[in-house]
Amino acid sequence: MSIRLGIIGGGVMAEAILSRLLKKNIYSPETVLVSEPQSQRRNFWVNTYGVQVSEDNREAARATEVLILAIKPQILEQVVNSLLGIPEKPLIISILAGVTLNRLEMGFPDRPVIRTMPNTPATVGQGVTAIAPGRHAEPEHLAVARDIFAAVGAVVEVPEALMDAVTGLSGSGPAFVALMVEALSDGGVAAGLPRAIASQLALETVLGTATLLKESAIHPGELKDRVTSPGGTTIAGVRQLEKGSFRSTIIEAVVAAYHRSKDLGRSSEK
Ligand SMILES: NC(=O)C1=CN([C@@H]2O[C@H](COP(=O)(O)OP(=O)(O)OC[C@H]3O[C@@H](n4cnc5c(N)ncnc54)[C@H](O)[C@@H]3O)[C@@H](O)[C@H]2O)C=CC1
Ligand SMILES: O=C(O)[C@@H]1CCC=N1
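Thresholds applied
- What you see as residue numbers is a count from 1 along each chain, following the sequence as written.
- Here the convention is simple: chains get letters from A, ligands get numbers from 1, in the order in which they are written.
- Per-residue local features are limited, in this predicted model, to residues with pLDDT of at least 70; the limit for side-chain atom pairs, both in listing and counting, is 80 or more; totals at the level of whole chains, interfaces and linings are taken over all residues.
- Side-chain numbers here rest on the full set of heavy atoms in the structure, without hydrogens or water.
- Working definition: residue near molecule or strand if any one of its non-hydrogen atoms lies within 4 Å of it.
- Under this definition, polar contacts are N or O atom pairs within 3.5 Å; protein pairs additionally need one hydrogen-donor-capable and one acceptor-capable atom, and for neighbouring residues in sequence, both atoms have to be side-chain atoms.
- Calculation of accessible area relied on Shrake-Rupley with a 1.4 Å probe; when residues are assessed, cover is drawn exclusively from the protein chains displayed.
- In this analysis the probe radius is 1.4 Å and the grid spacing 1 Å, with only protein atoms considered; a cavity is a set of points the probe fits into but cannot get out of, a pocket is an open set with protein on both sides within 12 Å along at least five of seven lines, and lining residues have an atom within 4 Å of a point.
- A molecule is said to be in a cavity or pocket once over half of its atoms fall within 2 Å of that pocket's grid points.
- Nonpolar residues are Ala, Val, Leu, Ile, Met, Phe, Trp, Tyr, Cys and Pro. Charged residues are Asp, Glu, Lys and Arg, and all others, Gly as well, are polar.
- Paired rings are identified among Phe, Tyr and Trp, the last through its six-membered ring, by centres lying within 6.5 Å, and are further divided according to the angle between planes into stacked (under 30 degrees), edge-to-face (over 60) and tilted (the rest).
- What counts as a helix is a DSSP run of H or I of at least four residues, what counts as a strand is a run of E of at least two, and both are numbered from the N terminus.
- Under the scheme applied here, a residue whose accessible area is under 20% of the maximum for its type counts as buried, over 50% as exposed, and between as partly exposed, the area being computed with a 1.4 Å probe on protein chains only.
- Between N-to-C directions, angles span 0 to 180 degrees; the directions come from axes that are lines fitted to C-alpha atoms, helices contributing only their stretch in contact.
- Roughly parallel means an angle under 35 degrees; roughly antiparallel, over 145; roughly perpendicular, 65 to 115; everything else is oblique.
- Here a crossing is called left-handed whenever its near helix is offset anticlockwise from the far helix by less than a right angle, and right-handed whenever the offset is clockwise.
- It only takes one pair of heavy atoms within 4.5 Å for two residues to be counted as in contact.
- Whenever Lys or Arg places a side-chain nitrogen within 4 Å of a carboxyl oxygen from Asp or Glu, that contact is recorded as a salt bridge.
- Grid points are joined across faces, edges and corners, and a volume is the space filled by probe spheres set on the points.
- An automatic or database domain assignment supplies the start and end points of every domain.

## Focus: the site of ligand 1
Moving on, step 1. In the region of ligand 1, 24 residues are neighbours, and Val12, Met13, Glu36, Gln38 and Ile71 sit closest.
Moving on, step 2. In this structure, an oxygen atom belonging to ligand 1 sits 3.1 Å away from a side-chain N or O atom of lysine 72.
Moving on, step 3. Glutamine 78 is positioned such that a nitrogen or oxygen atom in its side chain is 3.3 Å from a nitrogen atom of ligand 1.
Moving on, step 4. Isolated, ligand 1 exposes 830 Å² of accessible area, and the fraction of that covered by the protein chains is 80%.
Moving on, step 5. More than half of the atoms belonging to ligand 1 lie within 2 Å of the grid points that define the second largest pocket.
Moving on, step 6. Considered class by class, the residues forming the shell around ligand 1 number 14 nonpolar, 8 polar and 2 charged.

In structure tokens:
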């Protein structure tokens, strides 16, 4: 059977995306090929998902429909070189942080290319992916990319100039939120809770608050006002957060990740 979908780099994000595509029967395992240099990881792919595997990137590039680049930005050049002269013309979808459409189109001249930024909640179908089409991407290519990422969560289309900002926020954001869940749990333990209960309370609080904000569409500041009783417990905590520059620290974390994404893009063009 011919390969419809090729994936170069079978790591964390490849698995987050492909596991859902397979689960939703958008691709069947025998039509997918993951190219991955680590033999242990290749075995994992075969044993867990039944997809085809290879250590040769050119095998993945035989894909008739889509080739997803899921390697680290730092090895893009090596991967581009490994694919020089491939005759097939699948739609190329990059999930690489920072790497510009200009760089991708230099590596894959005249081919349809779409730059995207998914995030790890894709693993449970709760991701959000921003997509930006390249010069040769037609509406039907965009539709294919939308279908792929809709299988793992929400999809937004943004101008390419905003992709580094997206990376700083939703691409890196799951790590920032995970740190916050961990810190909430630590706070509970510091106040005397057993760890297991503290972790459950922390996680459910973040999940419940996010769901409430999403379903009610109220502004986060309004929700904060609803929780803070005059002279109560919450305002005592908010006061401490403000002393510790909580919001400013998060803002600066997103901006630092945005700058790092830009740096990765610049290095990949050298
Ligand atoms: N981890 C995350 O939360 C997100 C990552 N990304 C982007 O996704 C890309 C992949 O990230 P992860 O999955 O986290 O990395 P990872 O390190 O888990 O996966 C990369 C895979 O590529 C393989 N690889 C190394 N050299 C190769 C080569 N020459 N040819 C083919 N495969 C090769 C590695 O063995 C590894 O399995 C990165 O560009 C990153 O910027 C995008 C959104 C979120
Ligand atoms: O840390 C990184 O570079 C990747 C891109 C977005 C999330 N993880």
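## As for the packing of aromatic side chains
Moving on, step 1. Throughout the structure, instances matching the rule amount to 3 aromatic pairs.
Moving on, step 2. A ring pair is formed by phenylalanine 44 and tryptophan 45, whose centres lie 6.3 Å apart and whose planes are at 75°; its orientation type is edge-to-face.
Moving on, step 3. When the centroid spacing of 5.3 Å and the interplanar angle of 40° are considered together, the rings of tryptophan 45 and tyrosine 49 count as tilted. Within this pair, tryptophan 45 and its partner tyrosine 49 are both found in helix H2 (residues 39–49), separated by 4 residues, close to a single helical turn.
Moving on, step 4. When its relative accessible area of 0% is taken as the criterion, tryptophan 45 is described as buried.
Moving on, step 5. Members of the aromatic cluster, connected to one another through ring pairs, are Phe44, Trp45 and Tyr49.

## Comments concerning the side chain of threonine 31
Moving on, step 1. Mapped onto the secondary structure, threonine 31 falls in the loop between helix H1 (12–23) and strand S2 (32–35).
Moving on, step 2. Take threonine 31: its relative accessible area is 3%, and that puts it in the buried class.
Moving on, step 3. Within the local environment of threonine 31, its side chain forms a polar contact with the backbone oxygen of serine 28, the two atoms lying 2.7 Å apart.

## Focus on the packing of H1 against H2
Moving on, step 1. H2 packs onto H1 with a crossing angle of 15° between their chain directions and a minimal axis gap of 12 Å. Between H1 and H2, the interaxial angle falls into the category roughly parallel. Where H1 crosses over H2, the two elements pack in a sense that is right-handed. Where H1 approaches H2, its residues Val12, Ala14, Glu15, Leu18, Ser19 and Leu22 are matched on the opposing element by Arg41, Phe44, Trp45 and Tyr49.
Moving on, step 2. Here the residues of the contact of H1 with H2 sort into 7 nonpolar, 1 polar and 2 charged.

## Details of the pattern of salt bridges
Pairs can form between side chains of opposite charge whenever their charged atoms are close.
Moving on, step 1. Counting across every chain of the model gives 13 salt bridges.
Moving on, step 2. In this structure, arginine 115 engages aspartate 164 in a salt bridge whose closest nitrogen and oxygen atoms are separated by 3.2 Å. Of the two residues, arginine 115 is situated in strand S6 (residues 113–117) and aspartate 164 in helix H7 (residues 163–171); the sequence distance between them amounts to 49 residues.
Moving on, step 3. Salt-bridge contacts for aspartate 164 lead to lysine 262; the nearest nitrogen and oxygen are separated by 3.4 Å. You can see aspartate 164 sitting in helix H7 and its partner lysine 262 sitting in helix H12 (residues 246–269), a full 98 residues away along the chain.
Moving on, step 4. Taken together, the salt bridges that share partners define one network made up of Arg115, Glu160, Asp164 and Lys262.

## A look at the layout of surface pockets
Moving on, step 1. The volume enclosed by the largest pocket comes to roughly 2500 Å³.
Moving on, step 2. Residue lining of the largest pocket: 45 residues in total, with Val177, Met180, Val206, Thr209 and Leu213 positioned closest to the centre.
Moving on, step 3. Of all elements in the fold, only strand S7 (127–133), strand S8 (153–157), H7, helix H8 (173–190), helix H9 (195–216), helix H10 (220–227), helix H11 (233–243) and H12 reach the threshold of two or more residues within the lining of the largest pocket.
Moving on, step 4. Ranked by the residues each element gives to the lining of the largest pocket, the list is headed by H9, at 11 residues.
Moving on, step 5. Taken together, the residues of the lining of the largest pocket sort by class into 28 nonpolar, 12 polar and 5 charged.
Moving on, step 6. Taken together, domain 1 (3–157) and domain 2 (170–261) each give at least three residues to the lining of the largest pocket, which thus spans both.
Moving on, step 7. Of the pockets and cavities examined, the second largest pocket occupies roughly 770 Å³.
Moving on, step 8. If you trace the second largest pocket, you find 34 residues lining it, with Met13, Ala70, Ile71, Lys72 and Pro73 closest to the centre.
Moving on, step 9. Of all the elements in the fold, those that place two or more residues in the lining of the second largest pocket are H1, helix H4 (76–82), H7 and H12.
Moving on, step 10. The element contributing the most residues to the lining of the second largest pocket is H12, with 4 residues.
Moving on, step 11. Within the lining of the second largest pocket, the residues separate by chemical class into 17 nonpolar, 13 polar and 4 charged.

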